[in-house]
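Each chain, written out:
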Amino acid sequence: VQLQASGGGLVQAGGSLKLSCASSENIDRIDVMGWYRQAPGKQRERVAHITSGGYSVYADSVKGRFTISRDNAKNTVYLQMNSLKPEDTAIYYCNCVHGIIYWGQGTLVTVSS
């Protein structure tokens, strides 16, 4: 499985961005797809994930601000990020569990104060 993440950029605090993760495989066959992030000097952390049945789980730090969704017709998973904070600044990675774990390349999100 190849994953292509996009949509990162520079945004002011309080703004919004929408990340996309396009899969080379039909995502309706993929059990779990998710987003992680890694800030400078910190460990990679899970942001959100969504199952094939549409069940989603969020990190406490993003609950109520971020929404993960999947479009099976487009083989794409999205992360809508609202009310962004400077502490959301990180490289965001998408991944999926399909037998093994696959990672896409990261997309940089920078939130200025």
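Quick summary incoming for the structure in this document.

What counts and what doesn't
- Residues numbered from 1 in each chain as written.
- Predicted model: local features only at pLDDT ≥ 70, side-chain atom pairs only at ≥ 80, totals over all residues.
- Heavy atoms only, no water.
- Salt bridge = Lys/Arg side-chain N within 4 Å of Asp/Glu carboxyl O.
- Helix = DSSP H or I, 4+ residues; strand = E, 2+ residues; numbered from the N terminus.
- Pairing = 2+ DSSP bridges.
- Contact = heavy atoms within 4.5 Å.
- Core = buried A, V, L, I, M, F, W, Y, C linked by side-chain atoms within 4.5 Å.
- Buried < 20%, exposed > 50% of the residue type's maximum accessible area, 1.4 Å probe, protein only.
- Axes fitted to C-alpha atoms, helices over the stretch in contact; angles between N-to-C directions.

## Considerations on the pattern of salt bridges
Argument step 1. Counted under the stated rule, the structure contains four salt bridges.
Argument step 2. One network of salt bridges, with partners in common, ties together Arg 37, Glu 45, Arg 65 and Asp 88.

## A closer look at unusual backbone geometry
Argument step 1. The phi angle at Asn 75 is positive, at roughly 50°, despite the residue not being glycine.
Argument step 2. Mapping Asn 75 onto the fold places it in the loop between β7 (66-71) and β8 (76-81).
Argument step 3. One non-glycine residue, Ser 83, lies in the positive phi region at around 50°.
Argument step 4. For Ser 83, the position within the fold is in the loop between β8 and β9 (90-98).

## A closer look at the pairing of β9
Argument step 1. Of the pairings in the sheet, the one linking strand β4 (residues 32-38) to β9 comprises seven bridges and is antiparallel in character. If you follow Gly 34 over to β9, its bridge partner there is Asn 95.
Argument step 2. Taken together, the three bridges between β9 and strand β11 (residues 107-112) define a ladder with antiparallel strand orientation. When the bridges of β11 are listed, Tyr 92 appears paired with Thr 107.
Argument step 3. Both β9 and strand β10 (residues 100-103) contribute to a ladder of four bridges, which runs antiparallel. Bridge pairing in β10 links His 98 to Ile 100.

## Concerning the side chain of Asn 95
Argument step 1. Here Asn 95 lies in strand β9.
Argument step 2. Discounting chain neighbours no more than four positions away, the residues touching Asn 95 are Leu 3, Val 32, Met 33, Gly 34, Tyr 36, Ile 101, Tyr 102 and Trp 103.

## Some words on the nonpolar core
Nonpolar side chains tend to gather and get buried jointly when the protein is soluble and globular.
Argument step 1. Grouped together as the largest cluster of nonpolar side chains are 29 residues, with contacts concentrated most on Trp 35, Leu 79, Met 81 and Tyr 92.
Argument step 2. Sorting the residues of this core by element identifies β1 (3-6), β3 (17-23), β4, β5 (45-51), β7, β8, β9 and β11 as the ones contributing at least two each.
Argument step 3. Looking at this core element by element, the count peaks at four residues for β9.

## Overview of the sheet that holds β8
Argument step 1. In space, the four strands of this open sheet follow the order β1-β3-β8-β7, with antiparallel pairing throughout. Strands at the two margins of the open sheet, each flanked by one partner only, are β1 and β7. Sheet twist, expressed as the average angle between the axes of neighbouring strands with direction ignored, equals 15°.
Argument step 2. Sheet analysis places β7 next to β8, joined by six bridges and oriented antiparallel. The partner of Ile 68 across the bridge, within β8, is Leu 79.

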